[in-house]
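Now for the letters of each chain:
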Amino acid sequence: MASEENYEEYIKNLDEFAKSALVETFNIGASRAADALSQMTGLTVNITVPQIEVSSIKNIPEKVGEDIKIAVYIGLSGGFSGHAFFFIDFDDALKMFDMMMGIPPGSTTEFNEMVQSAIMEGGNILISAFANALSEFLGTEIEQTPPDLAIDFTPAILDFALADIGQHCDYTILLRTQIKMEDVEFKEHFMILPNPESMKRIVETLLGGFV
């Protein structure tokens, strides 16, 4: 088992086999999220996680995009604690809302309360499915806060979460998600910012089961 001081170094240098194990785990969650969104909308939905990236926290805004974004946030606690975000662009949010409502994409031009509610519910389904898959992977219960929605520049949205974990850990897990509703594709970002103890739990599970 890696010593405690080497955890961050291990996360920073995750090999392809370990990354593949995590990608497979999150794709299980993505499949469940797609089923839930499909039931909610009546549309054919496919969600995949083609890539997982371990990134320096200071580079996260640049990777997600530093402009104004819509973000759905859920706090995680229990056997795994941290912060989970689903980021989506304004245009994609409006387009996704139209599809959820069964109207032609491009019909809605204003991000009103109805759009906010729908996007928050969609983000909630997505984050919950990922969190439940991670819960099974780690063999522990993960509690989730009610979802919250923020509209701001990416650094401002992430500020409180980065301040919470950045003093202990400089790296986090970034997942690029591809969401396809019927024939329309969305490329968004889902992010988990685990606290240091939870990051260690991921490492221990990987080391114990795959390394």
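Refer to the structure presented above.
My aim in this report is to walk through the structure given alongside it, one point at a time. Note that the coordinates shown come from a computational prediction; the quantities given were computed from them, not determined experimentally.

**Thoughts on the environment of Phe-160**
Mapped onto the elements of the fold, Phe-160 is located in helix H6 (residues 154-166). When the C-alpha atoms of Phe-160 and His-83 are compared, they prove to be 9.8 Å apart, with 77 residues separating the residues in sequence. With residues up to four places along the chain from it excluded, the contact list for Phe-160 reads Tyr-73, His-83 and Phe-85.

**Here we look at the pattern of salt bridges**
For the coordinates displayed, the defined rule picks out four salt bridges. A salt bridge links Glu-53 to Lys-63, with the nearest nitrogen and oxygen atoms 2.7 Å apart. In this pair, Glu-53 sits in strand E1 (residues 45-56) while Lys-63 sits in helix H3 (residues 60-64), placing the two residues ten residues apart along the sequence. Taking the relative accessible area as the measure of exposure, Glu-53 reaches 16% and is therefore buried. Ionic pairing is found between Lys-69 and Asp-89, a salt bridge with its closest N-O pair at 2.4 Å. Placement of the pair is Lys-69 in strand E2 (residues 68-78) and Asp-89 in the loop between strand E3 (82-88) and helix H4 (90-101), with a sequence separation of 20 residues.

Quick notes on the rules
- Residues numbered from 1 in each chain as written.
- Predicted model: local features only at pLDDT ≥ 70, side-chain atom pairs only at ≥ 80, totals over all residues.
- Heavy atoms only, no water.
- Helix = DSSP H or I, 4+ residues; strand = E, 2+ residues; numbered from the N terminus.
- Contact = heavy atoms within 4.5 Å.
- Salt bridge = Lys/Arg side-chain N within 4 Å of Asp/Glu carboxyl O.
- Buried < 20%, exposed > 50% of the residue type's maximum accessible area, 1.4 Å probe, protein only.

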